[in-house]
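Chain residues, written in single-letter form:
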Amino acid sequence: MTNKLFPIARLPDLALEPFEMGEAYICRDAGFSDSIGLTQLGASYTEVPPGKSGCPFHVHHVEEEMFVILEGEGTYRFGPDSYQVKAGDVLAAPRGGPEYAHKLTNTGKVPLKYLSISTRADTEICEYPDSGKFLANTKEPGSRINRFRYLGRMESEVDYWDGEDSPG
């Protein structure tokens, strides 16, 4: 007997998980792609309190993202520019280099609520231009389980042949 897929996510019913890092990053969110049977698209719902952001300024080198503002207002930092956004706006975050880096900050007086929709890749490189970090991440094929994950800075880069003295 197979379980029948229920292809609908009801945002008010999602179990939001809190996240907090220091003073600047606070949000509650819930991913729901897997629960509605999506394998190639990622989808989540996020709420960010006034004056906060959900994540740092970053850019994906493989996955693309799109944000749909449902309630509230904020500033969308995109590359070298910033844009005021509000309910009804749809924001693009193409894959690429620092010119496509992005960060969404709640500048309003009520929670900023939005949907995040993205492509899903088994392997991703994410760059953080403000802090000089990068993330290399590979998931188990067809899974969300990390196979390999490295977060670091280019300063720790080594030569290709470093530590490869053994011919066997």
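Residues numbered from 1 in each chain as written. Predicted model: local features only at pLDDT ≥ 70, side-chain atom pairs only at ≥ 80, totals over all residues. Heavy atoms only, no water.

Participant: Pulling in residues and values, what's your account of the overall build of the chain?
Facilitator: A count of helices and strands for the chain gives zero helices and 13 strands. When the helices and strands of the chain are placed in sequence order, the string is β-β-β-β-β-β-β-β-β-β-β-β-β. Principal-axis analysis of the C-alpha atoms places the extent of the chain at approximately 60 × 55 × 25 Å. Across the chain, contacts joining residues at least 24 apart in sequence account for 56% of those joining residues at least 6 apart. By element, 55% of the accessible surface of the chain is carried by carbon and sulfur atoms, the whole surface being about 10,800 Å². The positive charge centre, built from 17 side chains, and the negative charge centre, built from 26, are 8 Å apart in the chain. (Helix = DSSP H or I, 4+ residues; strand = E, 2+ residues; numbered from the N terminus. Contact = heavy atoms within 4.5 Å. Areas by Shrake-Rupley, 256 points an atom, 1.4 Å probe, with all protein chains shown as cover. Lys, Arg positive; Asp, Glu negative; His and termini not counted. Charge placed at Lys NZ, Arg CZ, Asp CG, Glu CD.)

Participant: Summarise the nonpolar core; cite the residues concerned and give the values.
Facilitator: Nonpolar side chains tend toward joint burial in soluble globular proteins. The biggest cluster of nonpolar side chains holds 12 residues, and these are Cys27, Val48, Phe67, Ile69, Tyr76, Phe78, Val85, Leu91, Ala93, Leu104, Leu112 and Tyr114. Of all the secondary structure elements, the ones that give two or more residues to this core are β5 (65-71), β6 (73-78), β8 (90-93) and β10 (112-119). Sequence-distant contacts of Leu104, defined by excluding residues within four places in its chain, comprise Ser53, Gly54, Ile69, Thr75, Tyr76, Val85, Leu91, Leu112 and Tyr114. Counting eight residues, the second largest nonpolar core, distinct from the first, contains Leu16, Phe32, Ile36 and Ala43. (Core = buried A, V, L, I, M, F, W, Y, C linked by side-chain atoms within 4.5 Å. Buried < 20%, exposed > 50% of the residue type's maximum accessible area, 1.4 Å probe, protein only.)

Participant: Account for the sheet that holds β6, naming residues and giving values.
Facilitator: One open sheet accounts for three strands, arranged β7-β6-β9; its pairing is antiparallel. With one partner strand each, in any of the chains shown, β7 (81-86) and β9 (102-106) form the two edges of the open sheet. The mean inter-strand angle of the sheet, taken between neighbouring strand axes irrespective of direction, is 25°. (Pairing = 2+ DSSP bridges. Axes fitted to C-alpha atoms, helices over the stretch in contact; angles between N-to-C directions.)

Participant: Just give me the short version of the environment of Leu91, but keep the residues and values in it.
Facilitator: Tracing the chain through its elements places Leu91 in strand β8. Dropping the residues within four chain positions of it, Leu91 is found in contact with Glu65, Met66, Phe67, Ile69, Tyr76, Val85 and Leu104.

Participant: Provide a residue-level description of the state of the cysteines, including the pertinent values.
Facilitator: Enumeration according to the criterion identifies zero disulfides in this entry. Just so you know, Cys27 is unpaired, no disulfide at all, and the nearest cysteine sulfur is the one on Cys55, 7.9 Å from it. A disulfide-free cysteine, Cys126 has its sulfur positioned 8.3 Å from the sulfur of Cys55, the nearest such atom. (Disulfide = S-S within 2.5 Å.)

Participant: Which residues make up a negative patch on the surface, and what are the values?
Facilitator: Side chains of Glu157, Asp159, Asp162, Glu164 and Asp165 sit close together on the surface and give a patch of like negative charge. Topologically, Asp159 is positioned in the segment after β13 (146-153). Asp159 gets classed as exposed once you look at its relative accessible area, which sits at 52%. (Patch = residues over 30% accessible without salt bridge, like charges linked within 9 Å, V, L, I, M, F, W, Y side chains within 5 Å. Salt bridge = Lys/Arg side-chain N within 4 Å of Asp/Glu carboxyl O.)

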